[in-house]
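Reading the structure
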Amino acid sequence: MNTAITESAHQEFSGESEFNLKEYVRRYVRYWYLFPIFFVLCLTGAFFFLQTTQPVYSTKTTILIKDEKKGLGGAQGDILTELSSQFGGNKLVENELEIIKSQTMMEQVVKELTLDVFYTAKDGLKTVNLYRISPVVVVPEVLTPFALREPLIIHVIDSTHFRFNDEERIFAYNQRFNNAWGAFIVKKGSNSEYQDVIVNFADAKILAERMTSRLSVEQPNLKSTVLELKYEDTDIQRSKDVLNKLLDVYVQSSLSDKNSEASNTLKFIENRLGLITGELGDVEKDVESYKTNQGITDISAESQLFLENIKENDSKLNEVNTKISILESVDNYISKAEEGAVAPATYMIDDPVLVSLLTKFNELELQRERYARTTSPNNPLLQTINTQLASTRQSIRENVQNLKRGMAVTRNNLEGINTRFSAGLRSIPKKEREFVGIKRQQAIKEELYLYLLQKREETALAYASTVTDSRLIDAPISSYVPVRPKKPLIWLASGAAGIILPILLINLIFLLNNTVQRRDEIEKIARVSILGEIGQMKNVPNSVPGEESIIKMTSRSAVAEQFRALRTNLQYLGDGNCRVIMFTSSIGGEGKSFISINLAASLAYSDKRVLLIGLDLRKPTLHERLGVSNRVGASNCLIGQGSYADFIQPTGVHPKFDVLTSGPIPPNPSELLGNGKLPVLLSQLKSEYDYILIDSPPYGLVTDSALIAEHVDATLYLVRYNYTILDHLRRIGELHRGRRFANLSVIFNGVNYGAGYGYGYGYGGYGYGYYAEESGTSTQTIGTRLRRLVGKS
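Below: a short report on this structure. Along each chain, numbering runs from 1 in the same order as the chain's sequence is written. Totals for whole chains, interfaces and linings use every residue, but because this is a predicted model, local features are given only for residues with pLDDT of at least 70 and side-chain atom pairs only at 80 or more, for both listing and counting. In computing side-chain values, all of the structure's heavy atoms are included and hydrogens and water are not.

1. Here's the deal with the sheet that holds strand 13 (residues 470-478)
- On the basis of which strands lie adjacent, the open sheet formed by 4 strands has the order 11-12-1-13 and antiparallel pairing. Both outer strands of the open sheet, strand 11 (215-218) and strand 13, are each paired with one neighbouring strand and no more. Adjacent strand axes in the sheet meet at a mean angle of 15° when their direction is disregarded.
- Here, any two strands with at least 2 DSSP bridges between them count as paired. Secondary structure counts use DSSP, requiring at least four H or I residues in a row for a helix and at least two E residues in a row for a strand, with both numbered from the N terminus. Pairing analysis gives 4 bridges linking strand 11 to strand 12 (residues 226-233), with the strands arranged antiparallel. Bridged to S216 within strand 12 is K230. As a rule, the C-alpha atoms of each element are fitted with a line to give its axis, helices using only the stretch in contact, and angles between N-to-C directions run from 0 to 180 degrees.

2. Points about the nonpolar core
- Among buried residues, the Ala, Val, Leu, Ile, Met, Phe, Trp, Tyr and Cys ones that are joined through side-chain atoms within 4.5 Å form a nonpolar core. Accessibility here uses a 1.4 Å probe with only protein chains present; expressed as a share of the type maximum, an area under 20% marks a residue as buried, one over 50% as exposed, and anything in between as partly exposed. In terms of nonpolar packing, the biggest core is built from 44 residues, with I522, I613, L685, I694, L729 and I732 touching the most fellow members.
- When near neighbours in sequence (up to four residues on either side) are disregarded, I694 contacts V580, I581, M582, F583, I613, L615, L682, I708 and V712.
- With 35 residues, the next largest nonpolar core counts V559, I597, L612 and V628 among its residues. By definition in these notes, contact holds between two residues if any of their heavy atoms fall within 4.5 Å.

3. Section: the pairing of strand 6 (residues 161-164)
- With burial as the criterion, only one face of strand 6 is covered, namely that bearing F162 and F164; the residues H161 and R163 on the opposite face remain uncovered.
- Where strand 5 (residues 152-156) and strand 6 come together, 3 bridges link them in antiparallel fashion. What sits directly across from V156, in strand 6, is F162.
- From the end of strand 5 to the start of strand 6, which pair antiparallel, there are 4 residues.
- Both strand 6 and strand 7 (residues 171-172) contribute to a ladder of 2 bridges, which runs antiparallel. Its bridge partner lying in strand 7, F162 is registered against F171.
- From the end of strand 6 to the start of strand 7, which pair antiparallel, there are 6 residues, and N165 there has a positive phi angle of about 45°.

4. Thoughts on the side chain of T715
- Considering the arrangement of structural elements, one finds T715 in strand 20 (residues 714-720).
- With a relative accessible area of 0%, T715 lands in the buried category.
- Those residues within four positions of T715 in sequence are excluded, and the remaining contacts are M582, T584, F741, A742, N743, L744 and S745.

5. With respect to the pattern of salt bridges
- When a carboxyl oxygen of Asp or Glu lies within 4 Å of a side-chain nitrogen of Lys or Arg, that pair is called a salt bridge. Per the stated rule, a full pass over the model turns up 20 salt bridges.
- The closest approach of N and O atoms between R618 and D704, which form a salt bridge, is 2.9 Å. With R618 in the loop between strand 16 (610-614) and helix 18 (622-626) and D704 in helix 22 (residues 704-709), this residue pair connects regions lying 86 residues apart in the sequence.
- Taking the relative accessible area as the measure of exposure, R618 reaches 27% and is therefore partly exposed.
- Residue D704 is classed as buried on the basis of its relative accessible area, which comes to 0%.
- Shared partners join several salt bridges into a network, and the residues in it are E270, R456 and E457.

6. Things to note about the sheet that holds strand 7
- In spatial order, the strands read 3-2-10-5-6-7; together these 6 strands make up an open sheet with antiparallel pairing. The strands lining the two open edges of the sheet, one partner per strand, are strand 3 (126-129) and strand 7.
- Bridge count between strand 2 (residues 117-123) and strand 10 (residues 196-201): 4 bridges; the pairing is antiparallel. Directly across from Y119, in strand 10, lies its bridge partner V199.

7. Considering helix 21 (residues 677-686)
- Of all the positions in helix 21, only L678, L681, L682 and L685 are classed as buried. One side of helix 21 holds all its buried residues, which, seen down the axis, span an arc of 95°. The arc under discussion is defined with respect to the helix axis, by the directions toward the C-beta atoms.

8. Comments concerning unusual backbone geometry
- Note the cis peptide between R484 and P485, where omega equals -5°.
- In this model, R527 sits at a positive phi of 55°, which is unusual for a non-glycine residue.
- Following the sequence through the fold, R527 ends up in the loop between helix 15 (519-526) and strand 14 (530-535).
- Looking at R527, the relative accessible area reads 52%, which means it is exposed.
- The backbone phi angle of R739 is positive, close to 55°, even though this residue is not glycine.
- Its place among the elements puts R739 in the loop between helix 23 (726-737) and strand 21 (744-751).
- Residue R739 is classed as exposed on the basis of its relative accessible area of 72%.

9. A short note on the side chain of D695
- Here D695 lies in strand 19 (residues 691-695).
- Think of it this way: Lys and Arg go in the positive column, Asp and Glu in the negative one, and His and the chain ends go nowhere. Comment: no salt bridge for buried D695; closest opposite-charge side chain is K592, at 4.9 Å.
- Setting aside chain neighbours within four positions, we find D695 in contact with F583, K592, S593, S596, L612, I613, G614, L615, D616 and L622.

10. Details of a nonpolar patch on the surface
- Side chains of F39, I499, I500, L501 and L504 sit close together on the surface and give an oily, nonpolar patch of about 430 Å² of accessible area.
- The element best represented in the nonpolar patch is helix 14 (residues 487-512), accounting for 4 residues.
- Residue placement: I500 occurs in helix 14.
- According to the relative accessible area criterion, I500 is partly exposed, its value standing at 45%. What makes a patch is a set of residues exposed beyond 30% relative accessible area and free of salt bridges, joined within 9 Å when like-charged and within 5 Å when nonpolar (Val, Leu, Ile, Met, Phe, Trp, Tyr). Computed with a 1.4 Å probe, the accessible areas rest on the Shrake-Rupley method; for each residue, only the protein chains presented here act as cover.

Structure follows, in structure tokens:
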């Protein structure tokens, strides 16, 4: 509620008054000390931040990817490129970009560089990386979860000994240890100036994920196939090693994929060669045995002619049977092969359509296997490849069936020719015919053996000539200027924060401050005339209690002049003849007693007889401030215990300044003030004194002031800067409009002119309080200062 009142009050005068830049700037003058404090603190914070934060450097490299869409394949006519293309084509740049950024690749980099164990050391406030320069090397075998949370500190004692953490026991290098961190071996490392090494262990998967987040792979030009890799690390050498190893892992993975088909083809040919070698040996032994047993040394010309014809025909028939067998193996593979298996070799198939389909099938299988390792099963790209595989498999089946039907026709024709040649052979003597049959089998086996040898050499050459589809353009290059933190930016930001933060804090203070800060606030909200202003009094060290409440009226101080001006302004109260004046306020601590004492003293110095009456019958303070007795006083007069002359005391401030203290505290102050004796008492005192000043209780707390106000000529309402809350001004306005108090005026108290008049007022040095324990000392505590900053809430 108070905050709402504050906002509405400030909006009220902001809407009616013009913006004053000078006053707006002066509102910050009171808190000028916050600016150097925050500025120094922010710069200090920036210094510690830069000292404790490890600089991050950026390393980049570029590679070229052969993309089939952009025509960056090998040179035409190059036999090695031609053979290499038999086992995998070019790549898509977009796919390779994702493969390089995969976590699987980074995990392999972490393992090969042993980055899951890293070493640091403290150098003052800085943390120093000991990559490749650590004096110790830890080889972990088994790590516990504790090791992943807490670092292991190794203190190097000399070239052969060390100790762990805070332990006193000394160990030697090259030993196996078992402790809370797990099982590991500590070896001697490089010579280093750092003797206290902090060993940090990390999970390879989590570390790879963090490292992948620091890796960026971009395509600078969409029309080219060049990729730019950037990696950020706190160690320059480590960032270069990571990029180099990442490219090595990527190349090895690519070559492994490309060589998988050639490797399986070699295995197939080797198995076939083993079988044919055994069969050929058996046939050669049969020829040798037959010639030996039958005594055959030569064959007649006719037998030779039949032999050559039958041999040629059988060779064709064998080739057809071989092709049919291969087609059947292809058909069997296509029908029953598992996902991910490599298709049979295509060298012995001379149909270009089938060779093209099988080559495409192999490429799709390799792509599907590669994407399966780096993408999820539901990836649209993987599903598209599976669809293409199914379509290609169906086309191969149809082509194989067509080829098998053609081969069957050819085989029937060749078998018919063989039948005719066999009929001719019947005319040859039995021995010679049998020899021709054995010789024919030998020729067939020799031809098949030579064919397989040729294909094995071609496959081995292609396997050996496989080259990667990527090429390094620029080796890793590091920036020797950190990419972060940027020192100029940090210093600039800290300096700006040193200015902005106090501005925000000051604005927050004013936003939370719901107390009276300006004279205009009284005039606009309460709409009551201000009789005078009293400036802030400074504390006087080692002063006598109460002495600081009385101003030396003969001095030329600003506050004394203000009291003299206030004394002069009394003639403008009412009709100018107001002699009985009451002082009140909204709450305690607003300076009623201080103002009434010093105004009475000022009147006395102007040759006026003045009586100050303490009618605060609940918590009297006049006697303490004036240093007089309060054993008897006004309460005795109001109950009829003697004459007022018996209770009036001289103050010692001036001969014409007397005081009637409140006296003993009665149990019923309100009833005592309303018993009808107060107006009689005031009427009697008017005949002896020029002015009667009454120090009454706060109107906002009790009703005593309302009872006293019925018998006075004027009321002076105290408003204290940075203390009286704005809501009380509205109540003062209501009292004025309702004419509850005669000739109501306001005294502005505690103005701190040195802090910028109208914005930063304070009031200190008196320790006023109402219905609360008095401080007893003028020392300002930190809590008091803070309350004065934000005002009374």
